[in-house]
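# Survey of secondary and tertiary structure
Take a look at the letters that make up each chain.
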2 protein chains.
Amino acid sequence: MRGDPTGRGPRPPSLATVERLPVYQRVLSELLGSGTSTVSSEHLAAAAGVGAAVVRKDLSLFGSFGTRGMGYDVSLLIGELDRRLGGDRDWPLIVVGIGNLGTALVNSEGFRSRGFRVAALFDAAPDVVGTTVAGVQVRHFDELEATVAGTAACIGVVATPPSVAQAVAERLVAVGVRSLLNFAPRVLQLGPGVRVRQVDLSTELQVMSFYELRDEASQL
Amino acid sequence: MRGDPTGRGPRPPSLATVERLPVYQRVLSELLGSGTSTVSSEHLAAAAGVGAAVVRKDLSLFGSFGTRGMGYDVSLLIGELDRRLGGDRDWPLIVVGIGNLGTALVNSEGFRSRGFRVAALFDAAPDVVGTTVAGVQVRHFDELEATVAGTAACIGVVATPPSVAQAVAERLVAVGVRSLLNFAPRVLQLGPGVRVRQVDLSTELQVMSFYELRDEASQL
DNA sequence: TATTGTGAACCTCTTCACAGCT
DNA sequence: AGCTGTGAAGAGGTTCACAATA
């Protein structure tokens, strides 16, 4: 049951909007750091690389945080965004695949800020299991179920070779993970209740080469 | 001058379409490896995680590669996609910032396939400059201009701390780079002729926590 | 019969323009 | 006067439905 069975409520924010919120938050934090206490939608938009109307529409979906004639209070807005994005919570991460990329991810700032916390690391290679990365000991993937059993809902990060990504994802889902960040170049086939975000280096590069080719062709 | 000053030509493929092409290509390669020579839009769509109509629309933008009643020839389609994505070309990459993430990227399979080739590595830290990563020696970023001078148009990869990402991007653009893949959590402000694709780990995680929160709220 | 290729309807996001507030 | 919040218009992408075709 949803809380809004009549369909009269406000539309949920689009994925595009949700993806912009962290950008606003980051820009606002920098503004706060440089002593700015108020910002207009135009200024915030320029810093975030979008249009001013987009900023106002995005923010208005969550409430009226601005003051007409003045703009938005930076601290207030950071707080509101932080709350919507879950920044005031603890978000345990389970990372599977502690190779070059997995290690880099675990050590990255993005994985250690805003409430995210590396809760457990798994791999299958004997020479990796038992080592410590960023203060967390790597366990064998076979211990997944035993280790995660009593843990709260987690976000799973798949940084394995593509050949095992599907199986790893299925086992993560089986232990209760409903949000997966997948770095393996493989489309994960999972139930409808599971959210997957795909980060694919090869795809990123291929999109770029597509447009490079196109530019060349148009300059003939 | 464009090749189509009348505006009568077919619409260019949308970014969404371009981002799906590498996925199709990867799925098709796997199909070819498993001995499949023909595939329907329905089957290809299921494997790529999209709808069948999307596949047909996407592919039809580039030509009529299918056979009615039969489907698509896998080899033919791989070849066509490869050509459109520039897979038959050499794409030199310039990677700046050889920390944990930069090293992982350079060693990743995505950076060494499909015509992409790590051409030069740069960093500013004295203990990194001079080391060899994946067979390429890391140079000091000050040598960028001298090193890249005569090189063909490249794709630039920014894997630096966010504080220097903007300056690094500007210098890359100054030496002729028009496509940038940015891993630094910073909005790059560059001229309109420069393409930027942003990969932001922190944003990915925050998008996930947003939806996790939303799920919790709807289950009250 | 099976499946593609595609115009049209549909839906979603963006942009515009301005009323409303400070 | 300046800026937000928002309905309406516009643009773009997806889904539908089916004619075309092997």
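Each value, and the rule that gives it
Residues numbered from 1 in each chain as written. Chains lettered and ligands numbered in written order. Predicted model: local features only at pLDDT ≥ 70, side-chain atom pairs only at ≥ 80, totals over all residues. Heavy atoms only, no water. pLDDT = per-residue confidence, 0-100. Contact = heavy atoms within 4.5 Å. Least-squares fit on C-alpha atoms with pLDDT ≥ 70 in both. Near = heavy atom within 4 Å. Polar contact = N/O pair within 3.5 Å; in protein donor to acceptor, adjacent residues only side chain to side chain. Helix = DSSP H or I, 4+ residues; strand = E, 2+ residues; numbered from the N terminus. Nonpolar A, V, L, I, M, F, W, Y, C, P; charged D, E, K, R; others polar. Buried area = accessible area lost by both parts, 1.4 Å probe. Salt bridge = Lys/Arg side-chain N within 4 Å of Asp/Glu carboxyl O. Expected span 1.5 Å × (residues − 1). Buried < 20%, exposed > 50% of the residue type's maximum accessible area, 1.4 Å probe, protein only.

### Section: the confidence of the model for chain A
In regions of low pLDDT, the predicted coordinates are not meant to be interpreted in detail. Here chain A averages 93 in pLDDT, while 95% of its residues score no lower than 70. Counting contacts from residues 1–7 of chain A, a segment whose pLDDT is below 50, to residues more than four positions away or on other chains yields three contacts.

### Concerning the relation of the copies chain A and chain B
Rotating chain A by 180° and translating it 0.0 Å along the rotation axis places it on chain B, where the RMSD comes to 0.0 Å. Here the two chains are linked by the operation of a two-fold rotation axis. When the interface residues of chain A are mapped onto chain B, 100% of them again lie at the interface, so the same face is used by both copies.

### Structural notes on the protein's contact with DNA strand D
In the vicinity of DNA strand D there are 22 residues, among which Ser-41, Lys-57 and Tyr-72 of chain A together with Ser-14 and Arg-68 of chain B approach most closely. Those atoms of DNA strand D that come within 4 Å of the protein belong to sugar or phosphate at a rate of 61%. A distance of 3.0 Å separates a phosphate oxygen of DNA strand D from a polar atom in the side chain of Arg-20 of chain B. Looking at the surface near DNA strand D, the elements that each hand over two or more residues are α3 (52–60), β2 (66–67) and β3 (71–73) of chain A together with α1 (15–33) and α3 (52–60) of chain B. When its residues are assigned to classes, the surface near DNA strand D shows five nonpolar, ten polar and seven charged.

### Topic: the interface of chain A and chain B
The interface of chain A with chain B comprises 72 residues on the first partner and 72 residues on the second. Between chain A and chain B, a total of about 6,200 Å² is buried, with carbon and sulfur atoms accounting for 60% of that surface. It is Leu-205, Met-208 and Glu-212 of chain A in chain A that bury the most area against chain B; as a group they hold 11% of the surface buried on that side. For Arg-186 of chain A, the salt bridge identified is with Glu-30 of chain B, shortest N-O distance 3.1 Å. Inspection of the region where chain A meets chain B yields 22 residue pairs in polar contact (both at pLDDT 80 or more). Among the secondary structure elements, those contributing two or more residues to the side of chain A that touches chain B are α1 (15–33), α2 (41–48), α4 (74–84), β4 (91–96), α5 (100–107), β9 (179–182), β10 (195–198) and α8 (201–218) of chain A. Among the elements that make up the side of chain A that touches chain B, the one with the highest residue count is α8 of chain A (17 residues). Of the residues assigned to the side of chain A that touches chain B, the class counts are 37 nonpolar, 17 polar and 18 charged.

### Topic: α8 of chain A
Residues and elements named next belong to chain A. With 18 residues, α8 extends 26 Å between its outermost C-alpha atoms, agreeing within 8% with the 26 Å of an ideal straight helix rising 1.5 Å per residue. Of all 18 residues that make up α8, 14 are buried, and the element is covered over most of its length. Its side-chain oxygen 3.1 Å from the backbone nitrogen of Ser-202, Asp-200 forms the N-cap of α8.

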